[in-house]
Amino acid sequence: IGVNAMQNSTVTGNNVAIGFEALKNTNTLGNTSVGCKALTKAILAEANSAFGFLSLENLETGLNNIAVGFFSGQGFKNGNNNTFLGTQSALILENGERNVYVGARNKSSSSNVNNEIVIGSASTSLGINVGKGSNTAKIGNDAITQTHIYGDLYKNDVKMFDYITQAQYDAL
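Thresholds applied
- Residues numbered from 1 in each chain as written.
- Predicted model: local features only at pLDDT ≥ 70, side-chain atom pairs only at ≥ 80, totals over all residues.
- Heavy atoms only, no water.
- Salt bridge = Lys/Arg side-chain N within 4 Å of Asp/Glu carboxyl O.
- Buried < 20%, exposed > 50% of the residue type's maximum accessible area, 1.4 Å probe, protein only.
- Helix = DSSP H or I, 4+ residues; strand = E, 2+ residues; numbered from the N terminus.
- Polar contact = N/O pair within 3.5 Å; in protein donor to acceptor, adjacent residues only side chain to side chain.
- Contact = heavy atoms within 4.5 Å.

Comments concerning the pattern of salt bridges
Pairs may arise between side chains of opposite charge once their charged atoms sit close together. Counting across every chain of the model gives 2 salt bridges. Between Glu 21 and Lys 24 there is a salt bridge, with the nearest N and O atoms lying 3.3 Å from each other. Neither residue differs from the other here; Glu 21 and Lys 24 are each classed as buried. With its nearest N and O atoms 3.6 Å apart, the salt bridge here joins Glu 21 to Lys 37.

Concerning the side chain of Thr 40
With respect to the element layout, Thr 40 can be found in the loop between strand S2 (32–34) and strand S3 (44–46). For Thr 40, the side chain forms a polar contact with the main-chain oxygen of Glu 21, separated by 3.3 Å. Of note is the side chain of Thr 40, whose polar atom sits 2.6 Å from the backbone oxygen of Lys 37. When neighbours within four sequence positions are excluded, Thr 40 is seen to be in contact with Glu 21, Leu 23, Lys 24, Asn 25, Thr 26, Leu 56 and Glu 57.

Here we look at unusual backbone geometry
One non-glycine residue, Asn 81, lies in the positive phi region at around 60°. Locating Asn 81 in the fold gives a position in the loop between strand S6 (66–68) and strand S7 (83–85). The class for Asn 81 is partly exposed, based on a relative accessible area of 40%. In this structure, Arg 105 is a non-glycine residue whose phi angle is positive, near 55°. Tracing the sequence through the fold places Arg 105 in the loop between strand S8 (100–102) and strand S9 (106–107).

Written as structure tokens, this is what we have:
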């Protein structure tokens, strides 16, 4: 549904395309594209979902990626099992596996990164919340003054209190 939606697409099946040029020029299966130019360049892509203006616009190859929001995952080209939630989430990321970006205007640490988690929006309307690299998780931004974590804290499956006393922890 929409002007040029699925135009010039050849091998397709079980796709949903709603919006101007959604899933245009693709050879894909099982994708959902809702928004202007969402999933426009998908060549070998299956089971991806893009919701929002230009979300996953440049994805060429990939499986099981989801993008929700204006420009969400817009520059992402190749990879599997990634989650992009929020306006302009995952800025500059082009290739990667198992990444999670939640929040408006957050950015990967580089154009190629795997298993990076960034939770939190930019601290200002002009700022960007940047990840810390492959195999890292970043929660919050530079404006956060407190982080509250409830329950026991573990590192490598070992309870942190095995290393420090409660008094040492309270003094942190």
